[in-house]
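Coordinate inspection notes
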Amino acid sequence: MLTDLPIRKIIHVDMDAFYASVEQMDDPELKGKPIAVGGSGKRGVISAASYEARKFGVKSAMAGNLAIKLCPELIFVRPHFERYAEISKKIQKIFHDYTDLVEPLSLDEAYLDVTLNKKGNPSASLIAKEIRERIFNEVGLTASAGISINKFVAKVASDFNKPNGQKTVNPEEVIEFLEALDIRKFYGVGKVTAEKMYQLGIFTGKDLKLKSIDYLDEHFGKSGRYYYYVVRGIHNSEVKPNRIRKSLAAERTFSENLSSEVFMLEKLEHIADEVSRRLAKSKVSGKTVTLKIKYSDFTLQTRSKTLYYFISDKSLILETAKDLLYQEKLSNSVRLLGISMSNLNTETKKTREQKSVSVQLKFEF
């Protein structure tokens, strides 16, 4: 089946514990110590953890008070996002020395299509190795990489030899690689989905592959078709250098739970201001405003309203968010509020789908 598909040489580069590694690089006293970026304070949430901290079970998105129980020696460091962005630009510049087909996923990871590259190097594996060496020598940080025929397999592979390693899954190895893969390793399968798959007797890629497309559609909705194809090595998403932003958001977690809408209005004003600032920076506006509410029992609720016109002004965003807040009575005290803008005017600029060009199957990886 793979021989009928366009075969590309895709590299997924993922920086190792990026935020934490930058902090350790900038402050030598932190090297070799368990550190957490963010997460301090009563309600703090960790943005990143060093590998020294991860040995104790500390990880991103974990509450700081839990992390300190797991690792009493944990050092909390205030995040420096401008510094991370500065370092990320240097890394992106290295990527572009090899190809213009670079699709950043965040500050610390990106896809590169090196099927046809600026160096004329036929081996994607050697290119990945060279890129990682340059990042270490020129920036001072380590990176890991996955190399394969499509974005899905490359991303999964990049996690195999972390930190500071890489893994290549050659075209003829893809099916065997996916069949042996633990279902939790599949990109896009979260904790809840994994539990559901376990209940259905799906533990590996091979188990998943035994299920029909109708079966997967029935149990997983729209995602079912995605699972059906990726386990067969079919993932035709191209590396898109200019990804069109589909939404933009900001949110805040509060040090104390809020129980009255009146107390939330001031918080919403600050959040609306941040959203407006980000819209202006990205030179976009949107029609749909969504209010995100996380209650003290961690249940999540969203309320949305779509306007007839595009907005980016703080006052209009805030007014719409207020309407959504008062739309119905709150079911509990609130620990987090967020505002997102979607249905952006970038989506009106339709891009034509380019036809995939088949590349000969037999080439060096």
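If you're wondering where the values come from, they're calculated on a predicted model, not measured in any experiment.

Considering the sheet that holds strand E11 (residues 300–311)
Within the open sheet, the four strands sit side by side as E9-E12-E10-E11. Their pairing is antiparallel. The outermost strands of the open sheet, each flanked by one partner alone, are strand E9 (247–258) and E11. Sheet twist, expressed as the mean angle between neighbouring strand axes with direction ignored, is 15 degrees. In this sheet, strand E12 (residues 334–344) lies alongside E9 in antiparallel orientation, the contact comprising eight bridges. When the sheet's bridge partners are listed, Ala249 is paired in E12 with Ser340. Each of strand E10 (286–295), E11 and E12 is contacted by helix H13 (residues 314–325), which is oriented at about 140 degrees to E11, the strand it contacts most.

What about helix H1 (residues 18–26)?
For H1, the tally of buried residues reaches seven of nine residues, placing the bulk of the element in the interior. The complete set of buried residues in H1 reads Phe18, Tyr19, Ala20, Ser21, Val22, Glu23 and Gln24.

Some remarks on the layout of surface pockets
In this structure, the largest pocket encloses a volume near 1300 Å³. Elements represented by at least two residues in the lining of the largest pocket include exactly helix H4 (81–96), strand E5 (102–106), E9 and helix H12 (261–282). Grouping the constituent residues of the lining of the largest pocket by class yields 10 nonpolar, five polar and 10 charged.

Examining helix H11 (residues 222–230)
Those residues of H11 that sit buried are Gly224, Tyr227, Tyr228 and Val230. Tucked into the core, H11 has its buried residues touching helix H6 (151–157), helix H7 (174–180), helix H8 (191–199), helix H9 (205–209) and helix H10 (213–220).

Here we look at the pattern of salt bridges
Considering all chains together, one arrives at 19 salt bridges under this definition. Residue Glu251 pairs with Lys292 through a salt bridge whose shortest N-O separation is 2.9 Å. Here Glu251 is found in strand E9, whereas its partner Lys292 is found in strand E10, with 41 residues between them in sequence. Arg278 serves as the salt-bridge partner of Glu274, at 2.7 Å between the closest nitrogen and oxygen. Residue Glu274 and its partner Arg278 are located together in helix H12, separated by four residues, close to a single helical turn. Residue Glu274 is classed as buried on the basis of its relative accessible area of 13%. One salt-bridge network, in which partners are shared between bridges, spans Asp14, Asp16 and Lys162.

Regarding unusual backbone geometry
Between Lys162 and Pro163 the backbone carries a cis peptide bond, its omega angle lying at -5 degrees. Looking at the element boundaries, Pro163 is found in the loop between H6 and strand E8 (166–168). For Asn164, which is not a glycine, the phi torsion comes out positive at approximately 55 degrees. The residue Asn164 is located in the loop between H6 and E8 in this model. Look at Asn164 and you get partly exposed, because its relative accessible area is 45%. In this structure, Asn343 is a non-glycine residue whose phi angle is positive, near 55 degrees. Among the structural elements, Asn343 can be located in strand E12.

Remarks on the sheet that holds strand E2 (residues 35–38)
Strand order in the open sheet formed by three strands is E3-E2-E4, with mixed pairing between adjacent strands. The sheet is open, and its two borders are formed by strand E3 (46–49) and strand E4 (75–77), each paired with just one other strand. Going across the sheet, the axis of each strand differs from the next one's by a mean of 30 degrees, ignoring polarity. When E2 meets E3, the two strands line up antiparallel, connected through three bridges. By the bridge assignment for E3, Gly38 is matched with Ile46.

Calculation rules
Residues numbered from 1 in each chain as written. Predicted model: local features only at pLDDT ≥ 70, side-chain atom pairs only at ≥ 80, totals over all residues. Heavy atoms only, no water. Pairing = 2+ DSSP bridges. Helix = DSSP H or I, 4+ residues; strand = E, 2+ residues; numbered from the N terminus. Axes fitted to C-alpha atoms, helices over the stretch in contact; angles between N-to-C directions. Contact = heavy atoms within 4.5 Å. Buried < 20%, exposed > 50% of the residue type's maximum accessible area, 1.4 Å probe, protein only. 1 Å grid on protein atoms, 1.4 Å probe; cavity = no way out; pocket = protein on both sides within 12 Å on 5 of 7 lines; lining within 4 Å. Points joined across faces, edges and corners; volume = space filled by probe spheres on them. Nonpolar A, V, L, I, M, F, W, Y, C, P; charged D, E, K, R; others polar. Salt bridge = Lys/Arg side-chain N within 4 Å of Asp/Glu carboxyl O.

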